[in-house]
Amino acid sequence: MHALDPLTLARIQFGFTVSFHILFPAITIGLASYLAVLEGLWLWRGNAVFKDLYHFWSKLFAVNFAMGVVSGLVMSYEFGTNWSYFSSYAGGVTGPLLTYEVLTAFFLEAGFLGVMLFGWDKVGRGLHFFSTVMVAIGTLISATWILASNSWMQTPQGYRIADGRIVPADWLQIIFNPSFPYRLAHMGIAAFLATALFVGAVAAWHLLRGRDDARIRTMMSMAMWMVLVVAPIQILVGDLHGRNTLEYQPAKVAAIEGHWENPPGESVPLILFGIPDMKSETTRYAIEIPHVGSVILTHSWSGTIPGLKDFKPEDRPNATVIFWTFRVMVGLGMLMLLLGVVALVLRWAGRLYSNRLFLRACLVMGPSGLVALLAGWLTTEIGRQPWVVYGVMRTADAVSAHSAMTLSLSLLIFVVLYCTVFGTGIGYLLKLAAHGPDEHTVTPVGDELDKRPARPLSAATESLN
């Protein structure tokens, strides 16, 4: 790593930590809403299946929530240690937005999380359900503030420069910047999709191992309905998001599509596969479909977009990387839609819970939502380069003045610690998932009734052995 410059090492370090972190909030957002739906159905119908599923998934939620909080703390310190010039220059905008996230979402979640996880037999049904709903709302509010901050960095507005720093001029413009609605919808739906696929994979695991009961079937049914409904909505939102990106970040779209030159008046082909070469300024081995690029990007048969050569070399994002991360995201999205359609066909045929080929496909697709989310995040962030605040501040001007050795050592420590700590946590999460929901949850008696666990992980009682 000593051969890399400090800027690259700082970017790798932040990319590594945020890639670990983003997985946990995504599942937290999805599971929180899933738990609210399960408890609501139990209160409405009185079916013990929903109650048992609630208790099962609340354990996984507790573990996932704890890992999300821990992994997120590191990133807040990185803004000060590795990106101090960014924090000094743009902190007048990003600092308050992140503070609002803590004051609203995190406090809301923390206030009701204990009641949600440990108050089932200690408070009334209405209060417990209200607590679950508040935690679910808290996760969505948290995502709103985080994405408002990130979207402002992508499409900044509502600010002015004073004394060499960015100063807020209009908070409504800052929060509701041009890309914010699309990013919020895209990320929120991605979290629900990732959670649905995870739930479906857990159900498929148990069905393949011969456990076929009402709880497992309910998990599978709800997961596949969610995939079927949400996947096409995500494709529509992705199209809207892409057109917004074309308007405000055309260089990113040119890099995603692998286009270097698009003469005016000529239609744009869709490059399915190829290898963009940043040095030779060409996409090698391109496989193209005429006109389709124009149809997708501009919704017209002969529409055109700027090519990468329309931008200065120092203003171009790395097309070699985001060309492929984007295709990984889109390809997995299409597979999710196919999975939902196949599930619908099998449901009509009465074979949703018995077709082993389909169940294996659900198991394999289990992590696909998180993989697609990571691929989309990489596309967004690498595509913004070389800007940390698009068109306002370059990433090279935002990094702290650390040596390559210091950043290499800290990155190595992060890799070892993250893989150890979160690898263990993910292993425990999978163990809980493999155990499956228990039947007819028993109310604790005696000393167990009086316990007040202080940490979310205490809600998952299985030992990690």
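Structural data are supplied above this passage.
So, a few notes on the structure that sits alongside this text. (Residues numbered from 1 in each chain as written. Predicted model: local features only at pLDDT ≥ 70, side-chain atom pairs only at ≥ 80, totals over all residues. Heavy atoms only, no water.)

Scanning the protein chain for helices and strands turns up 13 helices and six strands. Across its three principal axes, the protein chain shows a C-alpha extent of roughly 70 × 55 × 45 Å. Within the protein chain, the fraction of its 465 residues that count as buried is 50%. For the protein chain, contacts bridging at least 24 residues in sequence account for 79% of all contacts bridging at least 6. Considering the protein chain, the positive charge centre built from 31 side chains and the negative charge centre built from 30 side chains are found 6 Å apart. (Helix = DSSP H or I, 4+ residues; strand = E, 2+ residues; numbered from the N terminus. Buried < 20%, exposed > 50% of the residue type's maximum accessible area, 1.4 Å probe, protein only. Contact = heavy atoms within 4.5 Å. Lys, Arg positive; Asp, Glu negative; His and termini not counted. Charge placed at Lys NZ, Arg CZ, Asp CG, Glu CD.)

If you walk through the whole model with that rule in mind, you get ten salt bridges. A salt bridge links Arg-327 to Glu-257; the nearest nitrogen and oxygen atoms lie 4.0 Å apart. You can see Arg-327 sitting in helix H10 (residues 319–349) and its partner Glu-257 sitting in helix H8 (residues 250–257), a full 70 residues away along the chain. With a shortest N-O distance of 3.0 Å, Asp-277 and Arg-284 are connected by a salt bridge. (Salt bridge = Lys/Arg side-chain N within 4 Å of Asp/Glu carboxyl O.)

Time to look at the pairing of strand E2 (residues 165–168). As paired elements, strand E1 (residues 159–162) and E2 share four bridges and run antiparallel to each other. In the strand pairing of E2, Arg-160 is matched with Val-167. Count of turn residues in the E1/E2 antiparallel hairpin: two residues, of which Asp-163 carries a positive phi of about 55 degrees. (Pairing = 2+ DSSP bridges.)

A few words on the layout of surface pockets. One number sums up the size of the second largest pocket: a volume of about 1300 Å³. Together, 43 residues line the second largest pocket, and His-186, Gly-238, Phe-326, Met-329 and Val-330 are the ones closest to its centre. Those elements that place two or more of their residues in the lining of the second largest pocket are helix H4 (125–154), helix H6 (180–208), helix H7 (214–248), H8, strand E3 (270–277), helix H9 (292–298), H10 and helix H12 (368–384). When its residues are assigned to classes, the lining of the second largest pocket shows 23 nonpolar, 13 polar and seven charged. (1 Å grid on protein atoms, 1.4 Å probe; cavity = no way out; pocket = protein on both sides within 12 Å on 5 of 7 lines; lining within 4 Å. Points joined across faces, edges and corners; volume = space filled by probe spheres on them. Nonpolar A, V, L, I, M, F, W, Y, C, P; charged D, E, K, R; others polar.)

Our next topic: the nonpolar core. Residues Trp-57, Phe-61, Met-219, Met-220, Met-224 and Phe-358 are the most contacted members of the largest nonpolar core, which totals 70 residues. In contact with Phe-358, not counting residues within four places along its chain, are Met-220, Met-224, Leu-339, Val-342, Ala-343, Leu-346 and Leu-352. Core analysis: the next-biggest nonpolar cluster, separate from the first, contains 38 residues, Leu-97, Leu-147, Ala-148 and Leu-411 among them. (Core = buried A, V, L, I, M, F, W, Y, C linked by side-chain atoms within 4.5 Å.)

With that out of the way, let us pick up a nonpolar patch on the surface. A contiguous nonpolar patch, built from Leu-272, Phe-273, Ile-275, Tyr-285, Ile-287, Ile-289 and Trp-324 and spanning about 680 Å² of accessible area, is present on the exposed surface. Mapped onto the secondary structure, Ile-289 falls in strand E4 (residues 282–289). Judged by its relative accessible area of 34%, Ile-289 is partly exposed. (Patch = residues over 30% accessible without salt bridge, like charges linked within 9 Å, V, L, I, M, F, W, Y side chains within 5 Å. Areas by Shrake-Rupley, 256 points an atom, 1.4 Å probe, with all protein chains shown as cover.)

Another aspect to go through is the packing of aromatic side chains. All told, the structure shown has 22 aromatic pairs when counted by the stated rule. Measuring from ring centre to ring centre gives 5.5 Å for Phe-14 and Phe-79, while their planes differ by 55 degrees; the resulting arrangement is tilted. Highlighted residues: Phe-14 in helix H1 (residues 6–45) and Phe-79 in helix H2 (residues 48–81), separated in sequence by 65 residues. By relative accessible area, which is 24% here, Phe-79 ends up partly exposed. Considering the side-chain rings of Trp-57 and Phe-198, the 5.7 Å spacing of their centres and the 75 degrees angle between planes classify their relative orientation as edge-to-face. With Trp-57 in helix H2 and Phe-198 in helix H6, this pair connects stretches of sequence that are 141 residues apart. One exposure class covers both Trp-57 and Phe-198, and it is buried. One aromatic cluster in this structure is built from Phe-16, Phe-20, Phe-24, Phe-414, Tyr-418 and Phe-422. Directly above the ring of Phe-323 sits Arg-327, whose terminal nitrogen or CZ lies 3.6 Å from the centroid. (Phe/Tyr/Trp six-rings, centres within 6.5 Å; stacked < 30°, edge-to-face > 60°. Lys NZ or Arg CZ within 6 Å of the ring centre and 35° of its normal.)

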